[in-house]
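Below, each chain spelled out in residue letters.
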Amino acid sequence: MTIIDPLRPSSALLQINGVEFPPPSQRRATEKREGAYATALAQFDRAAQILNLDPGLADTLRSCKRELTVNFPVKMDNGEVRRFTGYRVHHNTARGPTKGGIRYAPTVDLDEVRALAMWMTWKCAVVNIPYGGAKGGVVCNPKELSLRELEGLTRRYTTEISSFISPEGDIPAPDMGTNPQIMAWIMDTYSMHRGYSVPAIVTGKPINIGGSAGRFEATGRGIMFTVREAYRTFGWDFDGISVVVQGFGNVGSITAQTAHEMGCRVIAVSDVEGGIYNPKGLDIPRLRRYVREHSTVQGFDGGDRITNAELLELPCDVLVPAATENQITRANADRIKARVVAEGANGPTTPEADEILMANNVLVIPDILCNAGGVIVSYFEWVQSLQQLFWEEDDVTHRLERIMVRSFHDVYEQSIRMNLDLRTSALVLGIGRVAEATQTRGLYP
Ligand code: NAD
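Values in this document were obtained by computation on a predicted structure and should not be read as measured data.

Draft legend 1. Spatial organisation of the overall build of the protein. The secondary structure content of the protein amounts to 16 helices and 14 strands. Taken over C-alpha atoms, the radius of gyration comes to 21 Å for the protein, in line with the 22 Å a tight globule of 445 residues would show. Expressed as a percentage of the 445 residues in the protein, the buried residues total 61%. A separation threshold of at least 6 residues defines the contact pool for the protein, and within that pool the share at least 24 residues apart is 67%. Of the accessible surface of the protein, which amounts to about 18,000 Å², a share of 49% is contributed by carbon and sulfur atoms. Across the protein, 47 positive and 52 negative side-chain charges occur, with their mean positions spaced 2 Å apart.

Draft legend 2. How the structure looks around the sheet that holds strand β4 (residues 81-92). With mixed pairing, five strands are arranged side by side in an open sheet as β3-β4-β6-β5-β7. Edge positions in the open sheet fall to β3 (66-75) and β7 (170-174), since each of these has one partner strand only. Adjacent strand axes in the sheet meet at a mean angle of 20°, parallel and antiparallel pairs treated alike. Here β3 pairs with β4 via ten bridges, running antiparallel. Within β4, the residue paired with Arg-66 across the bridge is His-90.

Draft legend 3. Broad picture of the pairing of strand β10 (residues 274-277). Bridge analysis of strand β9 (residues 265-271) against β10 gives four bridges, and the strand direction is antiparallel. By the bridge assignment for β10, Ala-268 is matched with Tyr-277. The hairpin formed by β9 and β10 contains two residues between the paired strands. Relative to strand β11 (residues 304-306), β10 is paired through three bridges, and the arrangement is antiparallel. Following the sheet pairing, Gly-275 is matched in β11 by Ile-306.

Draft legend 4. Structural view of the packing of aromatic side chains. Evaluated as defined, the whole model comprises 14 aromatic pairs. Taken together, a centroid distance of 5.9 Å and an interplanar angle of 5° make the contact between Phe-408 and Tyr-412 stacked. Of the two residues, Phe-408 and Tyr-412 are both situated in helix α15 (residues 393-418); the distance of four residues between them amounts to about one turn of the helix. According to the relative accessible area criterion, Tyr-412 is buried, its value standing at 18%. Taken together, the ring pairs connect Tyr-231, Phe-234, Trp-236, Phe-238, Phe-408 and Tyr-412 into an aromatic cluster. Cation over ring: Arg-339 sits above Trp-236, and NZ or CZ is 3.9 Å from the ring centre. Over the face of the ring belonging to Trp-391 we find Arg-399, whose NZ or CZ atom lies 4.1 Å from the ring centre.

Draft legend 5. Region of the structure containing the pattern of salt bridges. Across all of its chains, the model carries 26 salt bridges by this definition. The salt bridge partner of Glu-112 is Arg-103, with a shortest N-O separation of 3.1 Å. Salt bridges sharing partners connect three or more residues here, namely Arg-103, Glu-112, Lys-135, Asp-175 and Glu-325.

Draft legend 6. Expanded view of the domain arrangement of the protein. When cut into domains, the protein gives domain 1 (66-198) and domain 2 (218-370). Here the C-alpha centroids of domain 1 and domain 2 sit 27 Å apart. Listed by partner, the interface residues are eleven residues for domain 1 and nine residues for domain 2. Interface area for domain 1 against domain 2, summed over the two sides, is near 850 Å², with a carbon-plus-sulfur share of 54%. Our count for the domain 1 to domain 2 interface comes out at one salt bridge. Here Arg-103 and Glu-325 are joined by a salt bridge, their closest N and O atoms 2.6 Å apart. Linking domain 1 with domain 2 are two residue pairs in polar contact (both at pLDDT 80 or more), by the criterion used here. Tallying contributions element by element places helix α5 (residues 110-126) first for the side of domain 1 that touches domain 2, with six residues. In terms of residue class, the side of domain 1 that touches domain 2 is built from five nonpolar, no polar and six charged.

Draft legend 7. Seen up close, the site of the ligand. Around the ligand, the surrounding shell holds 22 residues, and the nearest of these are Asp-175, Gly-177, Thr-219, Val-251 and Asn-346. Here an oxygen atom of the ligand and a side-chain polar atom of Thr-219 are 2.8 Å apart. Here the ligand has 830 Å² of accessible area as a free molecule, and 85% of this is covered by the chains. Every element with two or more residues in the shell around the ligand is listed here: α8 (215-234) and α9 (250-261). For the shell around the ligand, the class distribution of residues is seven nonpolar, eleven polar and four charged. Residue assignment places the shell around the ligand across two domains, with domain 1 (66-198) and domain 2 (218-370) each supplying three or more.

Each value, and the rule that gives it
Residues numbered from 1 in each chain as written. Predicted model: local features only at pLDDT ≥ 70, side-chain atom pairs only at ≥ 80, totals over all residues. Heavy atoms only, no water. Helix = DSSP H or I, 4+ residues; strand = E, 2+ residues; numbered from the N terminus. Rg over C-alpha atoms; globule rule 2.2 N^0.38 Å. Buried < 20%, exposed > 50% of the residue type's maximum accessible area, 1.4 Å probe, protein only. Contact = heavy atoms within 4.5 Å. Areas by Shrake-Rupley, 256 points an atom, 1.4 Å probe, with all protein chains shown as cover. Lys, Arg positive; Asp, Glu negative; His and termini not counted. Charge placed at Lys NZ, Arg CZ, Asp CG, Glu CD. Pairing = 2+ DSSP bridges. Axes fitted to C-alpha atoms, helices over the stretch in contact; angles between N-to-C directions. Phe/Tyr/Trp six-rings, centres within 6.5 Å; stacked < 30°, edge-to-face > 60°. Lys NZ or Arg CZ within 6 Å of the ring centre and 35° of its normal. Salt bridge = Lys/Arg side-chain N within 4 Å of Asp/Glu carboxyl O. Domains from an automatic or database assignment. Buried area = accessible area lost by both parts, 1.4 Å probe. Polar contact = N/O pair within 3.5 Å; in protein donor to acceptor, adjacent residues only side chain to side chain. Nonpolar A, V, L, I, M, F, W, Y, C, P; charged D, E, K, R; others polar. Near = heavy atom within 4 Å.

What follows is the structure in structure tokens.
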């Protein structure tokens, strides 16, 4: 059986267990051209090979189950009508309903959404919550839209994908460029169509309409719980370590805040326009107040300006890429000086960069483990919304920490047993669990 993969030259195929996979050298060749989806497929192939998956099963797990593209009009403030394109992709439903964020960015395309949906499937399985993976996105620049235009776009996109989402089938959440207000509009639009309130249609909602305490903070907190557990496990001193964070949105700002509260020195942060650096440590609470007022870290007087490229290469203990994909590539991996790369963003490191970091003894805590705090507390929010019963923030955060710590050890101990790096171990764990669930359910009809 031959898997025809348009991303790769057929001469590069390798036969494993009846399935043909490209060797690593050919996978690397695709890095520059292809982006997140090529990375996701290359990672899957490596794990599938280690798991010795049945060829038909590997081919199924490698593909997205359903993909919806929608084109829809929005009336702009100047009276013009503009067409937007959006997507919602369900990657896999073997372990439960699909779950995954909605991204608003000019760079969104179907391949990116596929990659993000696939990573959601493995992530939910790694932390053992009963979901499959999905993702959505709209090609737009939310910063260029007025609040009214953003609401119109969100309500129309929700209507266009409404046959694809449901509290039992597929539950969206925030991602890059979306926030609790946008989740509120999704919840309201879906509820208007049904004629009654359906809070469990979406997670990451504002607390006053059924959101969970601790959801907004969950991803950033989860990242730092995992980093601290890694330090404990390796017997490294965690006190006062230096932390660099790329991206200062939901994930980046809360990671920086949590690191600050844990006694770390956050020496640099950035947003899309560039970063600020202070080797003595930034005043994160003051910086967050500044960003609330100015919507950017630019102009903050507590540090010097640096570019995003310079920020990634700063000497530090922990580097947290918390912005977007493909930030650490073969072009800069050799110059990364961090001891630990804790992946807040999804897919920030390409497969080739992974190999360089490994050769340089940089510990990479992979995205599907490290940033799973968001989907874990989204799961808590969904459960609370279905039951109309609400938990205290302390309870949410303790449960989150327990799952992050347990999942870190599941991945770490398997990595020792099987002699794997943490990313491959996490993928093998997640993909293995999805494969098992698929086999247990059996093939319909
Ligand atoms: P966000 O929109 O709140 O913030 C994104 C931040 O990154 C902003 O500060 C933006 O200026 C910056 N940024 C964007 N492009 C950049 C670039 N090219 N270079 C440098 N900075 C850039 O988004 P978020 O929710 O914080 O998500 C960030 C990442 O974390 C994404 O990869 C997302 O998929 C991932 N993630 C988010 C969650 C969640 O709960 N929100 C959970 C898991 C993973």
